[in-house]
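Here is what each chain is made of, one letter per residue.
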Amino acid sequence: MKYYKLTHSIDRKIIGVFPQSEECFVGDIQKDFIPWEGPIDFDFKLPEPILEKKSKQTSYVRVVAISVRFLVVDNEFLNFLKNYNIGNYQKWKIKTWQNEELIKKYNLFILNDTKQSEYIDFEKSDFLIGKLGDWKDRSTRRPISIKNYDEYIYKKEKLGKESLMLLHDKVTLDLKGVNVDMFRIVNAPLGGYYVSERLKNAIEENGFTGMEFKEVGELDKVEVIY
């Protein structure tokens, strides 16, 4: 089964205006104590997005101030997702505003479990060491081997202390035998949300809006194993 990266639509015919929400009461959503993975087992101040005047109220709304580790989705889409194998997740009702009117149908959503350690084959991927902040000069870069996710994190932090950065030329995503309908990658190349072909087709057939999909094999610098 193929997999697709889920991204926000930029088609103004669908979303009205891009970005859909630039202004937002941020709450605690950008604070360091909000974990990148695992359950959030404490209360925090929820964000309150303000939709642009010309924004359409799509099923999925991209809010600039909210990290891509979260999705903002409406009730109908959230209920739809419950029919699929998406693993552990959390949701919070959030207040959303447009033209000074309160919209009560949106939720902050996150998949708790992340799959970078399972689905990225670090040994088959190609990594490079580069100078911090230098994204263009390839002449000074040198290859580095990475065995697994733990080593990736360790070397990334170590290189950062030396004003160096860990880059990639190719990331191998091994999805052979995977049968979940949604997963999330974080703190590694290819970060974001991914959906199965089954879920993608169902989203499109049911007319949910605000989303676009790109097959994993078509992403830049990615090799996928099905």
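Residues numbered from 1 in each chain as written. Predicted model: local features only at pLDDT ≥ 70, side-chain atom pairs only at ≥ 80, totals over all residues. Heavy atoms only, no water.

## Focus on the packing of aromatic side chains
Geometrically, a pair of aromatic rings is defined through the distance of the ring centres and the angle of the planes. A complete count under the given rule lists 17 aromatic pairs for this structure. When the centroid spacing of 5.2 Å and the interplanar angle of 70° are considered together, the rings of phenylalanine 77 and phenylalanine 208 count as edge-to-face. Residue phenylalanine 77 is found in helix 2 (residues 75-81), and its partner phenylalanine 208 is found in the loop between helix 5 (197-205) and strand 15 (211-215); the two are separated by 131 residues along the sequence. With a relative accessible area of 13%, phenylalanine 208 lands in the buried category. (Phe/Tyr/Trp six-rings, centres within 6.5 Å; stacked < 30°, edge-to-face > 60°. Helix = DSSP H or I, 4+ residues; strand = E, 2+ residues; numbered from the N terminus. Buried < 20%, exposed > 50% of the residue type's maximum accessible area, 1.4 Å probe, protein only.)

## What to know about the pairing of strand 9 (residues 106-111)
Where burial is concerned, most of strand 9 is hidden: six out of the six residues are buried. Here strand 9 shows a buried face lined by Tyr106, Leu108 and Ile110 and a second buried face lined by Asn107, Phe109 and Leu111. As judged from the four bridges shared by strand 5 (residues 71-74) and strand 9, these two strands associate in the antiparallel manner. From the neighbouring strand, leucine 71 faces strand 9, where its bridge partner is phenylalanine 109. Pairing geometry for strand 6 (residues 89-93) and strand 9, over five bridges, is antiparallel. For tryptophan 92, the partnering residue across the bridge sits in strand 9 and is leucine 108. (Pairing = 2+ DSSP bridges.)

## Description of the pattern of salt bridges
Under the counting rule described, the total for this entry stands at eight salt bridges. As a salt-bridge pair, aspartate 174 and lysine 176 come within 3.5 Å of each other at their nearest N and O atoms. In this structure, the salt-bridge partner of aspartate 181 is arginine 198, at a minimum N-O distance of 2.8 Å. Of this pair, aspartate 181 sits in the loop between strand 12 (164-174) and strand 13 (182-185) while arginine 198 sits in helix 5, and the two are 17 residues apart along the sequence. Aspartate 181 gets classed as buried once you look at its relative accessible area, which sits at 3%. (Salt bridge = Lys/Arg side-chain N within 4 Å of Asp/Glu carboxyl O.)

## Section: the side chain of threonine 58
Here threonine 58 is to be found in the loop between strand 3 (48-51) and strand 4 (60-61). Take threonine 58: its relative accessible area is 2%, and that puts it in the buried class. In terms of polar contacts, threonine 58 uses its side chain to reach the side chain of glutamine 20, at 2.9 Å. Sequence-distant contacts of threonine 58, defined by excluding residues within four places in its chain, comprise Ile14, Ile15, Gln20, Asp74, Tyr106, Thr209 and Gly210. (Polar contact = N/O pair within 3.5 Å; in protein donor to acceptor, adjacent residues only side chain to side chain. Contact = heavy atoms within 4.5 Å.)

## Focus: the environment of aspartate 169
By the secondary structure assignment, aspartate 169 is in strand 12. For aspartate 169, a relative accessible area of 28% gives the class partly exposed. Along the backbone, aspartate 169 and phenylalanine 127 are 42 residues apart, and their C-alpha atoms lie at a distance of 6.0 Å. Here aspartate 169 is in contact with Asp126, Leu128, Arg138 and Lys221, once residues within four sequence places are set aside.

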